[in-house]
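The primary structure of each chain is shown beneath.
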Amino acid sequence: MLEITSETTQTKDQETKQEIYRALGVREYFQYDPSGDYLNPIVQGVRLINNQYEPIVANNIAFDTLWLFSEVLGLELHLISGELRFRVPETGEFLKTHKEENQGRLAAELTLRQLVTQVLNSGMSREQVAQMMNLSTVEVQRLVGENF
């Protein structure tokens with residue numbers, strides 16, 4: 001569980017919700033204060049041990065960088081210059097942010113659009129391109145618009 005903490009939710013997040021989550025058996029509970037005004041450090045976590053929440057030790061890497069390990073997720077929660085990122089410990093790779101994922105999707109679609117256009121320009125029909133690329137003819141049409 002990850003909660004974004006603010007002035008209006010801080011007490012509820014740290015007291016009331018912990019009791020609710022404990023009763024529900026939520027094994028880990030993390031709080032993140034993006035403004036840095038209510039939590040110190042601004043990302044914190046607790047783990048359910050013997051039906052009680054115990055703090056998860058934060059590992060400081062640098063002045064503005066720390067991380068906590070989530071056993072449930074198998075990921076590290078890194079706070080880097082105020083940004084919360086998830087890292088796969090086995091590979092050292094960070095999971096993509098929503099923005100990065102969206103940029104990758106748009107780049108892949110552009111590449112696919114260019115490829116479909118190129119194949120259509122070679123003389124193949126929409127139906128042939130769809131079959132060859134494992135797409136529907138509607139998807140081929142969407143990719144190239146009214147140009148073909």
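## Topic: the overall build of the chain
No. 1: Of the regular secondary structure elements, the chain holds four helices and eight strands.
No. 2: Element order for the chain, N to C, with α for helix and β for strand: β-α-β-β-β-β-β-β-β-α-α-α.
No. 3: Here the C-alpha radius of gyration of the chain, 23 Å, is well above what a compact globule of 148 residues would show, namely 15 Å.
No. 4: Taken across its 148 residues, the chain has 28% of its residues classed as buried.
No. 5: For the chain, restricting intrachain contacts to residue pairs at least 6 apart in sequence, the fraction spanning at least 24 positions comes to 35%.
No. 6: Just so you have it, the chain exposes about 9700 Å², and 52% of that area is on carbon and sulfur atoms.
No. 7: Taken together, the 13 basic and 21 acidic charged side chains of the chain have centroids lying 6 Å from each other.

## Structural notes on unusual backbone geometry
No. 1: Cis rather than trans, the peptide bond between Asn 40 and Pro 41 has omega equal to 0°.
No. 2: By the element assignment, Pro 41 lies in the loop between strand S2 (28-32) and strand S3 (43-49).
No. 3: Phi at Asn 50 is positive, roughly 50°, even though this residue is not glycine.
No. 4: Mapped onto the elements of the fold, Asn 50 is located in the loop between S3 and strand S4 (52-55).

## Overview of the sheet that holds strand S6 (residues 65-70)
No. 1: Pairing in this open sheet of four strands is antiparallel, and the strands run S5-S6-S7-S8 from one edge to the other. A strand with exactly one partner marks an edge of an open sheet, and here the two such strands are strand S5 (59-62) and strand S8 (83-87). Sheet twist, expressed as the average angle between the axes of neighbouring strands with direction ignored, equals 25°.
No. 2: Bridge count between strand S7 (residues 75-80) and S8: five bridges; the pairing is antiparallel. What sits directly across from Glu 76, in S8, is Arg 87.

## Re the sheet that holds strand S1 (residues 2-4)
No. 1: Here four strands make up an open sheet; going across it, the order is S1-S2-S3-S4 and the pairing mixed. Each edge of the sheet is formed by a strand with only one pairing partner; in this case those strands are S1 and S4. Sheet twist, expressed as the average angle between the axes of neighbouring strands with direction ignored, equals 25°.
No. 2: Two elements, S2 and S3, share five bridges in a ladder whose sense is antiparallel. Looking at the pairing, Gln 31 lines up with Gln 44 of S3.
No. 3: Of the strands in this sheet, S1, S2, S3 and S4 touch helix H1 (residues 10-24), which is tilted by about 160° from S2.

## A look at the pattern of salt bridges
No. 1: Counted under the stated rule, the structure contains nine salt bridges.
No. 2: Here Glu 28 ties to Arg 47 by a salt bridge, and the two come within 3.0 Å at their closest N and O atoms. Placement of the pair is Glu 28 in strand S2 and Arg 47 in strand S3, with a sequence separation of 19 residues.
No. 3: Connected through salt bridges with shared partners, the residues Glu 109, Arg 113, Glu 139 and Arg 142 form a single ionic network.

## Structural notes on the nonpolar core
No. 1: Phe 30, Tyr 32, Ile 42, Val 43, Ile 56, Leu 66, Leu 68, Leu 77, Leu 79 and Leu 84 together form the largest nonpolar core, which totals 10 residues.
No. 2: Elements with a minimum of two residues in this core: S2, S6 and S7.
No. 3: With residues up to four places along the chain from it excluded, the contact list for Ile 42 reads Gln 31, Tyr 32, Asp 33, Gly 36 and Leu 79.
No. 4: In terms of nonpolar packing, the next biggest core, distinct from the first, is built from nine residues, Ala 130, Met 133, Val 140 and Val 144 among them.

Calculation notes
Residues numbered from 1 in each chain as written. Predicted model: local features only at pLDDT ≥ 70, side-chain atom pairs only at ≥ 80, totals over all residues. Heavy atoms only, no water. Helix = DSSP H or I, 4+ residues; strand = E, 2+ residues; numbered from the N terminus. Rg over C-alpha atoms; globule rule 2.2 N^0.38 Å. Buried < 20%, exposed > 50% of the residue type's maximum accessible area, 1.4 Å probe, protein only. Contact = heavy atoms within 4.5 Å. Areas by Shrake-Rupley, 256 points an atom, 1.4 Å probe, with all protein chains shown as cover. Lys, Arg positive; Asp, Glu negative; His and termini not counted. Charge placed at Lys NZ, Arg CZ, Asp CG, Glu CD. Pairing = 2+ DSSP bridges. Axes fitted to C-alpha atoms, helices over the stretch in contact; angles between N-to-C directions. Salt bridge = Lys/Arg side-chain N within 4 Å of Asp/Glu carboxyl O. Core = buried A, V, L, I, M, F, W, Y, C linked by side-chain atoms within 4.5 Å.

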